[in-house]
Number of protein chains: 2
Amino acid sequence: MNRRNTTIGIGLLGAGVVGSQVARVILAPDADHRLSLHGILVRDVERQRDGVPSELLTTDPESVLGDDRNDIIIEVMGGEEPARSYMATALSAGKHVVTANKEALAKHGDELTNLAAQNGVSLSFEASVGGGIPVLAAIQDSLTANRIESIRAIINGTTNYVLSSMNESGMSFEDALSEAQKLGYAEADPTADVDAHDAVYKLSILARLAFGASAHPDMIHREGIRNIGAKDLRYASALGFTIKLLAIARVGSEGVRCRVHPALVPVDVPMANVNGVLNAVELNGDLIGPLWLQGRGAGAGPTASAVMGDVLRIAKGISAKPSPLSINGELNGVQSTDAQRSERIDAPNVVDMNDLQARYYIRLTCLDRFGVLAKIASVFGDATISIASVLQFDADDEHGLADLVIMTHPSHEASMQEAASRLRQLDVVASLENLIRVEDYDTV
Amino acid sequence: MNRRNTTIGIGLLGAGVVGSQVARVILAPDADHRLSLHGILVRDVERQRDGVPSELLTTDPESVLGDDRNDIIIEVMGGEEPARSYMATALSAGKHVVTANKEALAKHGDELTNLAAQNGVSLSFEASVGGGIPVLAAIQDSLTANRIESIRAIINGTTNYVLSSMNESGMSFEDALSEAQKLGYAEADPTADVDAHDAVYKLSILARLAFGASAHPDMIHREGIRNIGAKDLRYASALGFTIKLLAIARVGSEGVRCRVHPALVPVDVPMANVNGVLNAVELNGDLIGPLWLQGRGAGAGPTASAVMGDVLRIAKGISAKPSPLSINGELNGVQSTDAQRSERIDAPNVVDMNDLQARYYIRLTCLDRFGVLAKIASVFGDATISIASVLQFDADDEHGLADLVIMTHPSHEASMQEAASRLRQLDVVASLENLIRVEDYDTV
């Protein structure tokens, strides 16, 4: 049966901000005339959704997943379950799946990818990383001739908005977060963003596609931004840096190191100037060199753009093909996940942080008296860490305390952590307030 | 015949810097094992090319184009002819064509696209715009659900290098060009770059894909950078701008306006900080909003990255398909040119510059005496152009001359050109040195 010019049935799981926008795009008068939306799974059919016909809404998953007219299931409900189960059901039934779900992909990517391959259908997830920015397409399609060497990214808009506000206004983390919540840039429960789970999921997906590395979220070093104080941004600024939550994956001789943590970024590099809710991804390939992609990383429009890009790519494949393709899952016009890379390279190990080399920023609250610096310096010396600069800020005469900011030369993570734990035990150190890695940009 | 796992034959036209790199990538031990390079057309078989086996070289086009083993012809010789003829021959013979040739594409895109469609093969040209930056893939694939509203780009590395050098060092255009030539960033004959033909070809290709507009290079307003003086960069800087050669296409109610000209760009926007030989493309889509892509716009590695991205996409399609596809040219896994857009929108008109609204920078050499400004101001007043500021620079007491820089409020191009021609005739104006449009960035 030649399906050219026949209808392509679509079932939609979720009609929140993103799902409603996707529905409106599919139903728009100038949309691809082949697409036909047959049902939308929601939690509450009574809620008003502009431009979304209520007769399409249902609370019964089976009526969408089991509808034989549906060739493609779009999953934009988010969260691990029941989204994972629904996607598994759809793939097993021979339906293509398009999803924006970074958590389900990061945690169950192997299972879902295998199901897609076994059933000769595609699993597409451009919208799961970087909103509308076509970063997965770049990695999976345009850059396939490259060996990708590193990824550095700002891929969480909430934390970037919070850090940008703190940097601009001197606000505390709590105030900046509260403002972001009022503006709709942060959730009522901000844990997934603020504690960097969201960025870790996205980096896990990127690392899988770019390096073929099976980087489960548990294997990715994760630090959020709760501990970043207004003082850190002020002191960083005095030293020529700003602070960003970076997601970094880099191939070394031992494997791929994946990490998400706040980092000091020199103020004069492009990454320092990605502000507000923008996302940016910097890829380095052996042929292409550095490639920079920047845009809106979240929101209804950008996410719908990515979802519909995937849908239309699949639709093109369905229309042009005489029948659903062979069982090996290599569909034309449809991105396979990491098949292309894995043909060329063996999956690298995911390595831990111990051998990371970086410069460090350490903020201490110390007693403000003679001899303190000597004690602190000896801890660094014992750990064979070389100090680049020491600056004292904000002496508090009443309590006899002062802030001390130490910048190191490049050092090993393991040594630095050892030194940090010894610093915490020093009687002249009231507290080790923060330890932030510096991201160096000499190579770009 | 199922061609999965069979060899995909490749013929290469051209083995200069880019062609040699492409050959090395295809022949590399870790390359896609299906690809087989059967012949390379060159002008001089004696020239040494590192890593390119001399037995593959030939000066006989027929031995490459007529080789039945070749499924894909890669054209990286450049120039209009004989490249166009060779590509037409290859497409007519049912071979896929991958090219980096912006001139042939811009001038003969309709013919070549039609030939590809008639013969059920693909014509891919990611490398023709922005080197390795996957901007055509973004437009043709990832952003297909968007209506693209505007494109703003720095897409010529040579002129961007020259303008960056002039801006940094205060050098004259001639000195900066000469330095660029010594460094290999400019050709011995720099006409194509400096007079903006190259950027016009690329914008023509972008406008065709993004808007479905048949923007032949002759229909695109073109101004190069020969007339930009060190003084213009100095005065622009005093006013808070730098000068960039921008390629701009924007959809309005009347159609698409395409233009390539030097523009004053505010120093604090990202476009002002794209320096050296970098390229950057800013797309605005109705769903995605602004999307920014930046990278190396030329050179062997980036160009080979884009060429091989196209080749591997086609190879994937060939392997997965039982036979060459239908005659309509819609190949899976292969970019069609503007078919997707044209399904949705009627091809818009390409409109001229007359109704452009912009702010203008005008640099005059005037007599340095009373009453001069009144005469000049009356010309602007007669043309209903509102002056925003007037600054005098560099008085030359010996000759009784001074530089006058006038910034206008937003005005119509036609009125401004009329005023310019009257200014040139004023007895108090020794010469109208330059008229440069300001590119405003309030919307981004």
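Thresholds applied
Residues numbered from 1 in each chain as written. Chains lettered and ligands numbered in written order. Predicted model: local features only at pLDDT ≥ 70, side-chain atom pairs only at ≥ 80, totals over all residues. Heavy atoms only, no water. Helix = DSSP H or I, 4+ residues; strand = E, 2+ residues; numbered from the N terminus. Rg over C-alpha atoms; globule rule 2.2 N^0.38 Å. Buried < 20%, exposed > 50% of the residue type's maximum accessible area, 1.4 Å probe, protein only. Contact = heavy atoms within 4.5 Å. Polar contact = N/O pair within 3.5 Å; in protein donor to acceptor, adjacent residues only side chain to side chain. Patch = residues over 30% accessible without salt bridge, like charges linked within 9 Å, V, L, I, M, F, W, Y side chains within 5 Å. Areas by Shrake-Rupley, 256 points an atom, 1.4 Å probe, with all protein chains shown as cover. Salt bridge = Lys/Arg side-chain N within 4 Å of Asp/Glu carboxyl O. Pairing = 2+ DSSP bridges. Axes fitted to C-alpha atoms, helices over the stretch in contact; angles between N-to-C directions. Parallel < 35°, antiparallel > 145°, perpendicular 65-115°, else oblique. Left-handed = near helix turned anticlockwise from the far one by under 90°. Nonpolar A, V, L, I, M, F, W, Y, C, P; charged D, E, K, R; others polar. Core = buried A, V, L, I, M, F, W, Y, C linked by side-chain atoms within 4.5 Å.

**Student:** Can you break down the overall build of chain A residue by residue, with the values?
**Tutor:** Across its full length, chain A holds 14 helices and 18 strands. For 444 residues, the compact-globule estimate of 2.2 N^0.38 gives 22 Å, and chain A sits close to it at 24 Å. Taken along its principal axes, the extent of the C-alpha atoms in chain A is 85 × 50 × 35 Å. Burial status across chain A gives 60% buried among its 444 residues.

**Student:** Before we move on, can you summarise the environment of histidine 261 of chain B with the specific residues and values?
**Tutor:** Residue and element names in this part refer to chain B. Structurally, histidine 261 can be placed in strand 10 (residues 256-266). Note on histidine 261: relative accessible area 0%, which makes it buried. Through-space distance from the C-alpha of histidine 261 to that of lysine 244 is 8.3 Å; in sequence the pair is 17 residues apart. Not counting residues up to four positions away in its chain, the partners in contact with histidine 261 are His221, Glu223, Lys244, Leu245, Leu246, Met353 and Arg437. For histidine 261, the side chain forms a polar contact with the side chain of arginine 259, separated by 2.9 Å.

**Student:** I'd like a description of the environment of serine 128 of chain B, backed by residues and values.
**Tutor:** Residues and elements named next belong to chain B. Examined against the element boundaries, serine 128 turns out to sit in the loop between strand 6 (123-124) and helix 5 (135-142). Take serine 128: its relative accessible area is 1%, and that puts it in the buried class. Between the C-alpha atom of serine 128 and that of histidine 38, which follows or precedes it by 90 residues, the distance is 24 Å. Beyond its immediate chain neighbours, meaning those up to four positions away, serine 128 contacts Thr99, Ala100, Asn101, Lys102, Leu136, Lys202 and Ile205. Here the side chain of serine 128 touches phenylalanine 125 through a polar contact of 2.7 Å, landing on its backbone oxygen.

**Student:** Talk me through a nonpolar patch on the surface; I want residue IDs and the actual numbers.
**Tutor:** A grouping of Leu183, Tyr185 and Val277 of chain A is seen on the molecular surface, where their side chains present a nonpolar patch of about 250 Å² in accessible area. On the secondary structure map, tyrosine 185 of chain A appears in the loop between helix 7 (173-182) and helix 8 (191-194).

**Student:** Could you give an account of the sheet that holds strand 5 (residues 96-99) of chain A, naming the residues involved and the relevant values?
**Tutor:** Residues and elements named next belong to chain A. Spatially, 3-2-1-4-5-6 is the arrangement adopted by the six strands of the open sheet, whose pairing is parallel. Across the chains shown, the open sheet's two edge strands, defined by having one partner strand only, are strand 3 (57-58) and strand 6 (123-124). Two strands pair when backbone bridges link them, and strand 4 (residues 70-75) and strand 5 are joined in this way by four bridges, in the parallel orientation. Bridge pairing in strand 5 links glutamate 75 to threonine 99.

**Student:** Which residues make up the packing of helix 3 (residues 83-92) of chain A against helix 4 (residues 102-118) of chain A, and what values go with them?
**Tutor:** Residue and element names in this part refer to chain A. Following both chains from N to C, one finds helix 3 and helix 4 inclined at 15°, their axes separated by 10 Å at the closest point. Classed by the angle they form, the pair helix 3 and helix 4 counts as roughly parallel. Of the two elements, helix 3 crosses helix 4, and the hand of that crossing is right-handed. Of the residues in helix 4, those in contact with Arg84, Met87, Ala88, Leu91 and Ser92 of helix 3 are Ala104, His108, Glu111, Leu112, Leu115 and Ala116. Its residues placed into classes, the contact of helix 3 with helix 4 shows seven nonpolar, two polar and two charged.

**Student:** I'd like a description of the nonpolar core, backed by residues and values.
**Tutor:** The biggest cluster of nonpolar side chains holds 164 residues, and the ones touching the most others in it are Val135 of chain A together with Val135 of chain B. If we skip the residues at most four places from it in the chain, valine 135 of chain A touches Glu126, Val129, Leu206, Val281, Leu283 and Leu293 of chain A. Residues Leu12, Ile72, Ile74 and Val76 of chain B belong to the second largest nonpolar core, which totals 33 residues.

**Student:** Can you tell me about the pattern of salt bridges, naming the residues and giving the values?
**Tutor:** Two side chains of opposite charge can pair, provided their charged atoms sit close to one another. Evaluated as defined, the whole model comprises 52 salt bridges over all chains. Aspartate 394 of chain A is paired through a salt bridge with arginine 234 of chain A; the nearest N and O atoms lie 2.8 Å apart. Taken as a pair, aspartate 394 of chain A in strand 15 (residues 387-396) and arginine 234 of chain A in helix 10 (residues 230-238) lie far apart in primary sequence, 160 residues in all. Across the pair arginine 313 of chain A and aspartate 141 of chain B runs a salt bridge whose closest N-O atoms are separated by 2.8 Å. Placement of the pair is arginine 313 of chain A in helix 11 (residues 300-320) and aspartate 141 of chain B in helix 5, with the two residues belonging to separate chains. Taking the relative accessible area as the measure of exposure, arginine 313 of chain A reaches 9% and is therefore buried.

The analysis is restricted to geometry; functional conclusions fall outside its scope.
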